[in-house]
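Here's the letter readout for the chains.
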2 protein chains.
Amino acid sequence: MPDLLRGNAAIGQSGGPTAVINQSLVGVVEGLRSGLHASGHVERILGMRHGVKGLTKGDFADLTDTHQDRLDRIAATPSAALGSTRDKPDPAYCERVLGACKKHDIRYFFYIGGNDSSDTCRIIREMAVASGFDLRCFHVPKTVDNDLMENDHTPGFPSAARFVAMACMADFLDNISLPGIKINVVMGRHAGFLTAASALARRHDRDLNPVAPEESTDGPQLVYCPEVPFDLEQFLADVDAVYSKKGRCHVAVSEGIVDKMGMSIGAQLIKSGQTDAHGNVQLSGSGALGDALADFLKTKLTPAGGKPPRVRADTFGYVQRCWPDPSPTDQREARRCGQFAAQLAMAGHQDGSVAIVRQGSGSELWLGKDNGQPYLSTYRRVELREVAAKTRHMPASFLQGHNNVSRAFVEYCLPLVGGLPGFERL
Amino acid sequence: MPDLLRGNAAIGQSGGPTAVINQSLVGVVEGLRSGLHASGHVERILGMRHGVKGLTKGDFADLTDTHQDRLDRIAATPSAALGSTRDKPDPAYCERVLGACKKHDIRYFFYIGGNDSSDTCRIIREMAVASGFDLRCFHVPKTVDNDLMENDHTPGFPSAARFVAMACMADFLDNISLPGIKINVVMGRHAGFLTAASALARRHDRDLNPVAPEESTDGPQLVYCPEVPFDLEQFLADVDAVYSKKGRCHVAVSEGIVDKMGMSIGAQLIKSGQTDAHGNVQLSGSGALGDALADFLKTKLTPAGGKPPRVRADTFGYVQRCWPDPSPTDQREARRCGQFAAQLAMAGHQDGSVAIVRQGSGSELWLGKDNGQPYLSTYRRVELREVAAKTRHMPASFLQGHNNVSRAFVEYCLPLVGGLPGFERL
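Residues numbered from 1 in each chain as written. Chains lettered and ligands numbered in written order. Predicted model: local features only at pLDDT ≥ 70, side-chain atom pairs only at ≥ 80, totals over all residues. Heavy atoms only, no water.

Trainee: Help me understand the overall build of chain A, please; the structure alone is not making it clear to me.
Mentor: Within chain A, the secondary structure is distributed over 14 helices and 13 strands. A compact globule built from 426 residues should have a C-alpha radius of gyration of about 22 Å, and chain A, at 23 Å, falls within 12% of that. C-alpha atoms of chain A, sized along the principal axes, occupy 75 × 50 × 35 Å. Restricting to contacts in chain A with at least 6 residues of sequence separation, those with at least 24 account for 77%. Split by element, the accessible area of chain A, about 14,700 Å² in all, is 50% carbon and sulfur. Each charge class in chain A was averaged separately, 47 positive and 48 negative side chains, and the resulting centres sit 3 Å apart. (Helix = DSSP H or I, 4+ residues; strand = E, 2+ residues; numbered from the N terminus. Rg over C-alpha atoms; globule rule 2.2 N^0.38 Å. Contact = heavy atoms within 4.5 Å. Areas by Shrake-Rupley, 256 points an atom, 1.4 Å probe, with all protein chains shown as cover. Lys, Arg positive; Asp, Glu negative; His and termini not counted. Charge placed at Lys NZ, Arg CZ, Asp CG, Glu CD.)

If you want it as structure tokens, here you go:
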């Protein structure tokens, strides 16, 4: 019989919301109900309003007896139903969190979020241990950036990748229809996974080895991830090569692109940028990077005495992370991550994070591939310190040159996003 | 027996593409095949590449024998499969168009587009008549702006409205989750229909009389259409009222908002703006308007010595018009508009445009309404001059005060967009 505590459980959501973060919330509730609540160890299941901010104020939504039908509807609703927060607790804040846990007899703490949230879990757990208060802390992974260590991928990413792929598919057809240069700016502060997902918009070139951008019959032809230093002159040459050949060019750029000194191109261009509590410059919620890149191309590609080329930039913005047509795989996995975290608690673990492990490759989705295995995933416990405050980047094998992604990336990503609409060209 | 000509037919697509403009293309082809082609009057059905631009060059895609399965896939593909153009023919250009029609024995000219395209049809028809060449010219309506006269609504609008409603729904939940001020900039140069569709994102207040923005439990709380002069100080007061009460504020703004002198707010703020062949300043493909409004609010709402509020702006951009999840109603109606145009030709008409007429109100979709009729639409011929180069605006009955839309608008729009996802809040 595992070493189980009696007390209440608290669940919070933190950081940027996603289309499936409520699946994880409901997963934890379901896991607790069929485990610790059923066994009498957990009495109340408390949802923290706006994460640790609500916890310290005693602001809870009691989920102990919420009807399963309602839970199912909450799970299917995008964004964080409990409210989220970007508060990053310092030691004094963590003391207040710990005080609130003691006051409300909370013995199980679940936090759904990214690497900062995992770090919050780790710090609170360490402070609880140091003060002799047995508080079990579990992190449930969530981030559209897909940048958590130890995970094959992270809940929230597949649905955001689905949005990016569909948006790029539609916008590429728009770019063929009314030719010009089109830049789409994609979320992802440090990791390029979401920008790379733009390559799923391609149809004709997908099952070939990558072709030179100016030879591609597909789009986007150029993909810039933050893992490769971004050079404005090289960017100009890349766009010019495609535009000269085709009279149009379709580009996906990460909001997080950096120069060879590691300085953010966006932060340099966004004058009125705000910083959050983690010291990050605001990149989303502004069209400044895309507009600056478009202005640069207009200026440089205008022939002497001639008309500037038609250049447009869109910044996909917040709809990327909450678009209400999530990947079915993502919905299922996010739910199971929450359930698995509750099972870790039920098994007597003191703390931990959940990682998704891929078993089947999913490569049967590839046209003409006869050795594919069905896509399968499982879950395992990892130490909080292995995830906390660390950032995973695109591996070199997912990149192709300085302005493209590899077939390996497309093979990795395609099984995650769900069915994409077909299209036909004349 | 109607007066029918023998010759070829040409079909073109013009202006900004939509998610269903290919439905209309395929509708014309189907209508011709079952009519004029079947009767032997039309030999070849020629698709003009990039509208009149391709016609003058003799650049065609021959659609006479294209397999129906392929046509169905083209119909389901967003954006203009033939390619589009923003060329607005002047008299010399129209002479070249007419010359090309004579050269390729084109006797039936179909042009799918907005009010500029309708005007192109009208001019070409008049020049043909004047030169004694019998060329029958038909306009098929298309525009996400919904700004064509004589139409209850225009193919392309319902699908774009669906995107805007879903995006605002998801983004409103994001705004509740991580509170702040959020501005979403929506397409629509002169008419506010698409911006108004943001109100379909509301769920709780929908079946009530509109409540004051600061009392609303729903979002967006503030909606600014170009039909109402936009005043920056009033905007500030509106946002402040909601933000002071709720700690958050969700806003939809048309890219086409104008001040009381009729001057475009966007054009004043966008320094590097490009103009198209119609003399319109480029509003889409730039985040400048949203960023300028966000900067204005940040500056004005920062308390003395305090932190600025969290303000973000997204500009929905081109994905609004081509998102590959169109309204089923829109798909069906766009197809039928194309078929109806071919039927007009078959019936011996010399020219004309197609207008959608609403029969059933569709108000059965309203919760608690027991006198609703199922939504139904029919089609009728209207004179080209009634549509050409004219712009329809939101009627006063669709507006509520200076910053909201009425229940009448929501009743009008809701049956058009197809089923919207539900959501649940805690």
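On we go.
Trainee: Mind showing me how you'd approach the state of the cysteines here?
Mentor: Should the sulfur atoms of two cysteines be covalently bonded, the bond is a disulfide. Residues and elements named next belong to chain B. Applying the stated criterion across every chain, the model contains zero disulfides over all chains. The thiol of C101 is not disulfide-bonded; the next cysteine sulfur, from C137, is found 7.2 Å away. Under the relative-accessibility criterion, C101 is labelled buried at 0%. Lacking any disulfide linkage, C137 is separated from the closest cysteine sulfur, that of C121, by 5.6 Å. The exposure class assigned to C137 is buried, which follows from its relative accessible area of 0%. (Disulfide = S-S within 2.5 Å. Buried < 20%, exposed > 50% of the residue type's maximum accessible area, 1.4 Å probe, protein only.)

Trainee: I tried to follow the relation of the copies chain B and chain A on my own but got confused; where do I start?
Mentor: Of the transformation placing chain B onto chain A, the axial shift is 0.0 Å and the rotation is 180 degrees, giving an RMSD of 0.0 Å. Expressed as a symmetry operation, the mapping of one chain copy onto the other fits a two-fold axis. Across chain B, the smallest distance between a C-alpha and the rotation axis is recorded for G287(B), namely 2.2 Å. Both copies contact each other with a shared surface, as 100% of the interface residues of chain B are interface residues in chain A too. (Least-squares fit on C-alpha atoms with pLDDT ≥ 70 in both.)

Trainee: It is not clear to me how the sheet that holds strand β3 (residues 60-62) of chain B should be interpreted in this structure. Could you clarify?
Mentor: Adjacent strands of a sheet form backbone hydrogen bonds with each other and so pair up, either parallel or antiparallel. Residue and element names in this part refer to chain B. Spatial strand order, β3-β2-β1-β4-β5-β10-β11: seven strands in an open sheet with mixed pairing. The open sheet has two edge strands, β3 and β11 (377-382), and neither has a second partner. Between one strand and the next, the sheet's axes are offset by a mean angle of 25 degrees, whatever the strand orientation. One ladder, built from three bridges, connects strand β2 (residues 42-48) with β3; its direction is antiparallel. Residue G47 lies in a different strand from β3, and its bridge partner there is A61. (Pairing = 2+ DSSP bridges. Axes fitted to C-alpha atoms, helices over the stretch in contact; angles between N-to-C directions.)

Trainee: Got a minute to help me understand the environment of F423(A) in this structure?
Mentor: Inspection of the secondary structure puts F423(A) in the segment after α14 (407-413). Residue class for F423(A) comes out buried when judged on its relative accessible area of 15%. If near-sequence neighbours (up to four positions away) are discounted, F423(A) is found in contact with M169(A), L173(A), A201(A), R203(A) and T77(B).

Trainee: Even after reading the chapter, I still don't get helix α1 (residues 21-33) of chain B, so can you show me in this structure?
Mentor: Residue and element names in this part refer to chain B. The first and last C-alpha atoms of α1 sit 19 Å apart over 13 residues, in line with the 18 Å expected at 1.5 Å per residue. Inspection of α1 places I21, N22, Q23, S24, L25, V26, G27, V28, V29, E30, G31 and L32 among the buried residues, and these make up the whole buried set. Considering only its buried residues, α1 is in contact with β1 (7-13), β2, α3 (68-75), β4 (106-113), β5 (136-141) and α12 (328-346). (Expected span 1.5 Å × (residues − 1).)

Trainee: Quick question: what am I supposed to make of the interface of chain B and chain A here?
Mentor: Reports of interface size often rely on the accessible area that becomes lost once the parts have come together. The partner chain A presents 66 residues to the 66 residues of chain B that form the contact. Summed over both partners, the interface of chain B with chain A buries about 5,000 Å², with 55% contributed by carbon and sulfur atoms. On the chain B side of the interface with chain A, the three residues burying the most area are W323(B), E424(B) and L426(B), jointly 17% of the side's total. One salt bridge connects E424(B) with R70(A), and the closest N-O pair in it is separated by 2.4 Å. Across the chain B-chain A interface, the total number found is 28 residue pairs in polar contact (both at pLDDT 80 or more). When residues of the side of chain B that touches chain A are traced back to their parent elements, those giving at least two are α3, α6 (157-177), α10 (288-301), β9 (311-315) and α11 (319-322) of chain B. The residue inventory of the side of chain B that touches chain A, partitioned by class, reads 31 nonpolar, 19 polar and 16 charged. (Buried area = accessible area lost by both parts, 1.4 Å probe. Salt bridge = Lys/Arg side-chain N within 4 Å of Asp/Glu carboxyl O. Polar contact = N/O pair within 3.5 Å; in protein donor to acceptor, adjacent residues only side chain to side chain. Nonpolar A, V, L, I, M, F, W, Y, C, P; charged D, E, K, R; others polar.)

Trainee: How should I be thinking about the environment of T143(A) in this particular structure?
Mentor: All names here are of chain A. Looking at the element boundaries, T143 is found in the loop between β5 (136-141) and α6 (157-177). Residue classification places T143 among the buried residues on the basis of a relative accessible area of 8%. For the pair T143 and L399, spaced 256 residues apart in sequence, the C-alpha to C-alpha distance is 21 Å. For T143, the contacting residues outside a window of four places in its chain are L148, T154, P155, G156 and F157. Of the polar contacts made by the side chain of T143, one reaches the backbone nitrogen of D145; its length is 2.9 Å.

Everything listed here is a matter of coordinates, which is why it stays silent on function.
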